[in-house]
Amino acid sequence: MRRPLLILGVMLLAGAAAFFGGQRLVAYWCAKHMARPTDDLDWLRLEFRLNDAELAHVRQLHDGYLPKCREFCERIDARNRELQALLVSPTNAPATVEQKLIEVGTVRAQCQAAMLQHFREVSQVMPPEQGQRYLVEMQRLTLGFHEQIERTMSPAATDPHGHR
Amino acid sequence: MTMNDDTHEMGDERLRSLLLEARPASQLPPRFQESVWRRLEKEDAAPITKPPSLGWLQRWTERLLLPRFALAGLALLLVAGGLTGFISSADMVKQQAQERYLSAVAPNTLH
């Protein structure tokens, strides 16, 4: 009576070894051959199946956009540091802090506008369907983060968690 | 009735009485009946040496142990494992690539 159970146990072990062995092997192969860890645009190639010509065009746009992006980041960072300095200063006037907050917000909005413009340009290089999908995805990823929080805090929300 | 017949009858009577005397009395062991019942109950309660519920298991293991079934099963599991490995790994690779792209074009959205 014990023999079939023993055989079944050995068979299950062999099956599990085959399953997980195959899984590990393929995962290792994929990680090694599918990804290009040094290329920032690898996601576009993988997700939107761009051909070499499209990818080269996107790369051109990307390289042109990066200096603008860095410039905006520097400007936002500088305004933020000014804001921090104002906040820790014992003589900070509310009006000055508010003005600085507006400045930070303005530069951030300009940055987002430039970013959206870049996404639009990139989407136009892609095949129409993929371009549309890229645009929607990028807007969701870059602008959609605070949207949900703001929606829950607005009076129209069903559960405005404290803001009544 | 003859004299010979009389002798026979007398002999039968004697033989019968002798046989009755000589017949050994069947001496049952003590608590014989109880032990018989105990044995019967024990037999009833004893597990069946080859229960039919495990019969199917034995049949299946024997069938799966045939080289063609064993190899086909292992190959199937290997392919299934490879497929799940491919799907999960492809997702992970895409996720990492997406994070890299976002950190390049929209670094302020990541924190």
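Residues numbered from 1 in each chain as written. Chains lettered and ligands numbered in written order. Predicted model: local features only at pLDDT ≥ 70, side-chain atom pairs only at ≥ 80, totals over all residues. Heavy atoms only, no water.

A. The overall build of chain B, seen in detail. Across its full length, chain B carries 4 helices and 0 strands. Its helices and strands in sequence order give chain B the pattern α-α-α-α, from N to C terminus. Here chain B holds 111 residues, and 16% of them are scored as buried. (Helix = DSSP H or I, 4+ residues; strand = E, 2+ residues; numbered from the N terminus. Buried < 20%, exposed > 50% of the residue type's maximum accessible area, 1.4 Å probe, protein only.)

B. The arrangement of the overall build of chain A in detail. Scanning chain A from N- to C-terminus turns up 6 helices and 0 strands. Counted from the first residue to the last, chain A has its helices and strands arranged as α-α-α-α-α-α. Expressed as a percentage of its 164 residues, the buried residues of chain A come to 30%. If you sum the accessible surface of chain A, you get close to 11,000 Å²; carbon and sulfur atoms cover 58% of it. (Areas by Shrake-Rupley, 256 points an atom, 1.4 Å probe, with all protein chains shown as cover.)

C. The arrangement of the nonpolar core in detail. Counting residues in each nonpolar core, the largest one holds 30 residues, and the members touching the most others are Trp43, Leu44, Phe119, Tyr134 and Met138 of chain A together with Tyr101 of chain B. Contact partners of Met138 of chain A, with chain neighbours within four places excluded, come to Trp43, Phe119 and Leu143 of chain A together with Tyr101, Leu102 and Val105 of chain B. (Core = buried A, V, L, I, M, F, W, Y, C linked by side-chain atoms within 4.5 Å. Contact = heavy atoms within 4.5 Å.)

D. How the structure looks around the interface of chain A and chain B. With 44 residues of chain A at the interface, the matching set in chain B holds 31 residues. Approximately 3,200 Å² of surface area, both sides summed, lies buried where chain A meets chain B, with 75% of it carried by carbon and sulfur atoms. If you look at where chain A meets chain B, you find 2 salt bridges. Put simply, Asp42 of chain A and Arg100 of chain B hold a salt bridge, and the shortest N to O gap is 3.8 Å. The element contributing the most residues to the side of chain A that touches chain B is helix H1 (residues 2-33) of chain A, with 15 residues. Across the side of chain A that touches chain B, the residue classes break down as 32 nonpolar, 6 polar and 6 charged. (Buried area = accessible area lost by both parts, 1.4 Å probe. Salt bridge = Lys/Arg side-chain N within 4 Å of Asp/Glu carboxyl O. Nonpolar A, V, L, I, M, F, W, Y, C, P; charged D, E, K, R; others polar.)

E. Structural context of the pattern of salt bridges. Within this structure, the stated rule accounts for 13 salt bridges over all chains. A salt bridge links Glu103 of chain A to Lys100 of chain A, with the nearest nitrogen and oxygen atoms 3.0 Å apart. Placement of both Glu103 of chain A and Lys100 of chain A in helix H4 (residues 94-125) is noted, with a separation of 3 residues, approximately one turn of the helix. The exposure class of Glu103 of chain A is partly exposed, given its relative accessible area of 25%. Relative accessible area serves as the criterion here: at 13%, Lys100 of chain A is assigned to the buried category. For Glu13 of chain B, the salt bridge identified is with Arg16 of chain B, shortest N-O distance 3.1 Å. Of this pair, Glu13 of chain B and Arg16 of chain B both sit in helix H1 (residues 3-22), 3 residues apart, which is roughly one turn of the helix. A single network of salt bridges, built from pairs that share partners, joins Arg79, Glu82, Lys100 and Glu103 of chain A.

F. Quick look at the packing of helix H3 (residues 52-88) of chain A against H4 of chain A. Residue and element names in this part refer to chain A. In contact at an axis separation of 9 Å, H3 and H4 are set at 175° when each is read in the N-to-C sense. Regarding the angle of H3 to H4, the classification is roughly antiparallel. A per-class count over the contact of H3 with H4 returns 17 nonpolar, 6 polar and 8 charged. (Axes fitted to C-alpha atoms, helices over the stretch in contact; angles between N-to-C directions. Parallel < 35°, antiparallel > 145°, perpendicular 65-115°, else oblique.)

G. View of the packing of helix H5 (residues 128-143) of chain A against helix H4 (residues 67-105) of chain B. Closest axis-to-axis distance for the H5 of chain A/H4 of chain B pair is 12 Å, and the angle between their directions is 70°. Viewed along their axes, H5 of chain A and H4 of chain B adopt a mutual orientation that is roughly perpendicular. Along the contact surface, H5 of chain A presents Tyr134, Glu137, Met138, Leu141 and Thr142 of chain A, while H4 of chain B presents Gln98, Tyr101, Leu102 and Val105 of chain B. Tallied by class, residues from the contact of H5 of chain A with H4 of chain B come to 6 nonpolar, 2 polar and 1 charged.

H. A look at the environment of Gln139 of chain A. Residues and elements named next belong to chain A. With respect to the helices and strands, Gln139 occurs in helix H5. Owing to a relative accessible area of 31%, Gln139 belongs among the partly exposed residues under this scheme. For Gln139 and Phe119, which are 20 residues apart along the polypeptide, the C-alpha to C-alpha distance reads 8.5 Å.

I. Broad picture of helix H2 (residues 32-45) of chain B. Taking 1.5 Å per residue, 14 residues should reach 20 Å; H2 of chain B reaches 20 Å between its end C-alpha atoms and fits that length. Summarising burial for H2 of chain B: 0 of the 14 residues are buried, a small minority. (Expected span 1.5 Å × (residues − 1).)

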